[in-house]
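# Analysis of the macromolecular model
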Amino acid sequence: MTDITLQADDGYFNYRVGAVIIHENHVLMVKNENYPYYYSVGGRVHFGETSDSAVLREVYEETKLRFEIDGLAFIHENFFIGGFKDNKPFHEIAFFFLMKSHEHVTNIKCSSVGSDGGKESLYWLPIDKLNDYPVYPEFFKYALANPSEGTGHFVTKDDRTYRVK
């Protein structure tokens, strides 16, 4: 199936999902051996696929465990440069789902590779120390440490992230 990343004259539109998997005040993050930062478990939605189906598929691909969704945690509108070799602007919409606990959560093994072919590994990062790590999306650093009721809506543009009320 085709990922929903569409090329336009001015750049790209990307549709992504992410999983928020928390265990004992740690969040599960992915790190590609070719990059210095951590990012959420997840990936691009396929054409014709719902966001909830996509996150379940992506979580299984990266953890080999079948999780259940607890609810929609965050919506993120992300504007950034890069992602492909042509270094054009991206306009990305991402849905982040909170996942229910899993009995085998501490036995997760990752065998996936990134779109660049780099080996990916999973790490449990302490939520109260996320400021010590290069984490994307950056709003995880404060949104996970200060949870609020309902779905959070965040926008990242011009190197600034803000919460939409």
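Note: the structure precedes this text.
Notes on the structure in this doc start here. (Residues numbered from 1 in each chain as written. Predicted model: local features only at pLDDT ≥ 70, side-chain atom pairs only at ≥ 80, totals over all residues. Heavy atoms only, no water.)

## Points about the overall build of the protein
The helix and strand inventory of the protein stands at 2 helices and 11 strands. Starting at the N terminus and ending at the C terminus, the protein contains elements arranged as β-β-β-β-β-α-β-β-β-β-α-β-β. For 165 residues, the compact-globule estimate of 2.2 N^0.38 gives 15 Å, and the protein sits close to it at 15 Å. Across its three principal directions, the C-alpha atoms of the protein cover 45 × 35 × 30 Å. A total of 165 residues make up the protein; the buried ones form 44% of that total. When contacts within the protein are restricted to residue pairs at least 6 apart in sequence, those whose partners lie at least 24 apart make up 65%. When the accessible surface of the protein is summed, it comes to about 9,500 Å², and 50% of that surface belongs to carbon and sulfur atoms. (Helix = DSSP H or I, 4+ residues; strand = E, 2+ residues; numbered from the N terminus. Rg over C-alpha atoms; globule rule 2.2 N^0.38 Å. Buried < 20%, exposed > 50% of the residue type's maximum accessible area, 1.4 Å probe, protein only. Contact = heavy atoms within 4.5 Å. Areas by Shrake-Rupley, 256 points an atom, 1.4 Å probe, with all protein chains shown as cover.)

## So, the pattern of salt bridges
Across all of its chains, the model carries 4 salt bridges by this definition. Measuring nitrogen to oxygen at the nearest pair gives 2.8 Å for the salt bridge that ties Arg57 to Glu49. By relative accessible area, Arg57 is classed as buried at 18%. The partner of Glu58 in a salt bridge is Arg57, with the nearest N and O atoms 3.1 Å apart. (Salt bridge = Lys/Arg side-chain N within 4 Å of Asp/Glu carboxyl O.)

## Some details on the packing of aromatic side chains
This model, assessed by the stated rule, comprises 16 aromatic pairs. Between the aromatic rings of Phe74 and Phe140, the centroid separation amounts to 5.9 Å while the plane-to-plane angle is 45 degrees, which identifies the pairing as tilted. Of the two residues, Phe74 is situated in strand β6 (residues 69-81) and Phe140 in helix α2 (residues 140-143); the sequence distance between them amounts to 66 residues. On the accessibility criterion, Phe74 (8% relative accessible area) is buried. You can call Phe140 buried: its relative accessible area is 0%. Geometrically, the ring pair formed by Phe139 and Phe154 is stacked, given 4.2 Å between the ring centres and 5 degrees between the ring planes. Within this pair, whereas Phe139 is found in the loop between β9 (135-136) and α2, its partner Phe154 is found in strand β10 (residues 152-157), the two being separated by 15 residues in sequence. The class for Phe139 is buried, based on a relative accessible area of 0%. Owing to a relative accessible area of 1%, Phe154 belongs among the buried residues under this scheme. Connected via pairs of aromatic rings, a cluster forms that spans Phe74, Phe96, Phe139, Phe140, Tyr142 and Phe154. (Phe/Tyr/Trp six-rings, centres within 6.5 Å; stacked < 30°, edge-to-face > 60°.)

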